[in-house]
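Structural overview for review
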Amino acid sequence: MNSDITDFASLAPAYPEMLMAVGVLVLILVGVVVNKERSGFVTWLAIILMAVTGVLVATQHADGVIFNGLFIADSFSRYMKVLVMGGAALALILSVSNDVENGTHKYEYAILATLSTLGMMIMVSTNDLMTLYIGLELQSLSIYVMAAIKRDDSRATEAGLKYFVLGALSSGMLLYGASLIYGFTGHTNLQEIVLAIASEGRSIGLIFGVVFLLAGVAFKISAVPFHMWTPDVYEGAPTPVTAFMAMAPKVAAMTLMIRLVIDTFSPISTDWQQVVIFLSIASMVLAAFAAIGQNSLKRIIAYSSIGHVGFALVGLSSGTQVGVEGVAIYMAIYVAMTVGLFACILSLRTETGYVETIGDLAGAAQRRPFVAAVMAILMFSLIGMPPLAGFFAKWHVFLAAVEAHLYVLAIIGVLASAVSAFYYLRVVKTMYFDPPVREFAAVPNELNIIMAVSAFFIVTYFFTVGNPLAQVAHNAAGSLF
């Protein structure tokens, strides 16, 4: 009996994942019993489950490697898991209002979101190529269904199908890369792969494996040239699902890429740096120019997310602790900006549905001044204008690039930010200077709260959470070096 208790205590680093797994089973039972008419009850239970698990992660200090080296818990994984939980829970809150219209009223939606979040937690704590794939597919398969959950909407069905087909392609690339790495090192454990590379040196086959593996992960963060699915899926999927995809999975996949390049492939840093720098430049430049001609709000947000992934990769390109710290801060601010932006979009609802194009925002400043003000603040922050939080996010990653002597990369990033200002300011101009063309429905209370908190965080970042967040990110990044 005592040995059983001891064995269970040794699994302490995985307690949050175990809680989520048991919670999903409970949610399924509750969903079946209370029926689909009360699906909001299941959604709020899922939100509470994520909040409780997030608190457990934040307060837990059980570091270590368990399950025969398959799973690792450290300060970096705890930091990123809190971001994942926060992003997923906030996306579920966004789905509560007008859930029937969005297709998210089915109790299965909250269960799929929770399963996807569990997959992201496994991704963040992966210490082996096998757990990497299991976590990645658990996250992806759930989102495929979420994207197409509005079954009577042809656009949502098309979005889910596109994401599934291209996601299967990316999974194949990732598995091929993993098989090459296993073949040339003889290991699937990330820590053993490091030792094998350090002792045996690099080879052409290993480099090919690294490239394919990083390409599979790059698809999940929608970095160019693996971004093809993003605008179409973001536009076709129900807006709350788009919000979910834009936040938590991005954080989890970015964490996975950081752990791979900083930990596993550190002996061949000159090789992976070339790949990451290319992904960064391509993402920043393409997103800056491709979004200029867009009129759909969700397509603009898609290209914006591609661009911000490129900016985050600027920090990772440095390969230093300062760079990883910058990426950690960037992802926290990105989640805050994204949830506020989607809350604004979901708040601007007309008699014909949600706003879809920039023209639909005309006169929003007169009809909904608070929503327009928050959205304007977020647009300026996304550009990176001081003293808003978005400026400090870019400051940290550009600083890391400059310290690593990647001056050209930093200059390209600054120029891409300047170009992207065009389509962000176009939204502000439409809200404040174009005459009103329609009336907007009343704003749900939960959306008002999210917008207020997001705007407060963005505006007062330097004076409130800036230093504490930087310290936590510093400690988290330090655990990888």
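Calculation rules
Residues numbered from 1 in each chain as written. Predicted model: local features only at pLDDT ≥ 70, side-chain atom pairs only at ≥ 80, totals over all residues. Heavy atoms only, no water. UniProt positions renumbered as here; feature names shortened; annotations may be inferred. Helix = DSSP H or I, 4+ residues; strand = E, 2+ residues; numbered from the N terminus. Expected span 1.5 Å × (residues − 1). Buried < 20%, exposed > 50% of the residue type's maximum accessible area, 1.4 Å probe, protein only. Axes fitted to C-alpha atoms, helices over the stretch in contact; angles between N-to-C directions. Parallel < 35°, antiparallel > 145°, perpendicular 65-115°, else oblique. Left-handed = near helix turned anticlockwise from the far one by under 90°. Contact = heavy atoms within 4.5 Å. Nonpolar A, V, L, I, M, F, W, Y, C, P; charged D, E, K, R; others polar. Core = buried A, V, L, I, M, F, W, Y, C linked by side-chain atoms within 4.5 Å. Phe/Tyr/Trp six-rings, centres within 6.5 Å; stacked < 30°, edge-to-face > 60°. Lys NZ or Arg CZ within 6 Å of the ring centre and 35° of its normal.

For the chain, the name recorded in an unreviewed UniProt entry is NADH-quinone oxidoreductase subunit N, with Devosia rhizoryzae as its organism. Of the comments in the UniProt record for the chain, the one headed Sequence similarities (unreviewed entry) reads "Belongs to the complex I subunit 2 family."

Our focus in this paragraph is helix H6 (residues 107-124). Taking 1.5 Å per residue as the helical rise, H6 with its 18 residues ought to reach 26 Å, and the 26 Å between its terminal C-alpha atoms agrees with that figure. The buried count for H6 comes to 16 of 18 residues, which makes it a mostly enclosed element.

So, on to the packing of H6 against helix H7 (residues 129-147). Contact geometry of H6 with H7 gives a least axis separation of 7 Å together with a crossing angle of 155°. Between H6 and H7, the angle is such that the two are roughly antiparallel. As for the relative orientation of H6 and H7, their crossing is left-handed in sense. Residues Tyr 109, Leu 112, Ala 113, Leu 115, Ser 116, Leu 118, Gly 119, Met 120, Ile 122 and Met 123 of H6 form the contact with H7, whose own contacting residues are Thr 131, Leu 132, Gly 135, Leu 136, Leu 138, Gln 139, Ser 142, Ile 143, Val 145 and Met 146. Residue composition of the contact of H6 with H7, grouped by class: 14 nonpolar, six polar and no charged.

With that settled, the discussion passes to the nonpolar core. Across soluble globular proteins, you tend to see nonpolar side chains buried next to one another. Within the largest apolar cluster, 175 residues are counted, with the highest numbers of intra-cluster contacts made by Ile 258, Phe 265, Leu 313 and Met 375. Ranked by the residues each element gives to this core, the list is headed by helix H15 (residues 321-347), at 19 residues. With near-sequence residues (within four places) excluded, Met 375 lies in contact with Leu 341, Cys 344, Ile 345, Leu 348, Leu 361, Val 427 and Met 431.

Summed over all chains, the structure comprises 16 aromatic pairs. For the pair Phe 392 and Phe 462, a centre-to-centre distance of 5.3 Å together with 15° between the ring planes defines the contact as stacked. Here Phe 462 lies in the loop between helix H20 (445-459) and helix H21 (466-478) and Phe 392 lies in helix H18 (residues 389-403), a separation of 70 residues in the sequence. We classify Phe 392 as buried; its relative accessible area is 14%. For Phe 462, a relative accessible area of 49% corresponds to the partly exposed category. Taken together through their ring pairs, the aromatic side chains of Phe 391, Phe 392, Trp 395, Phe 457, Tyr 461, Phe 462 and Phe 463 make up a single cluster. A cation over an aromatic ring shows up here: Arg 349 above the ring of Tyr 354, its NZ or CZ 5.8 Å from the ring centre.

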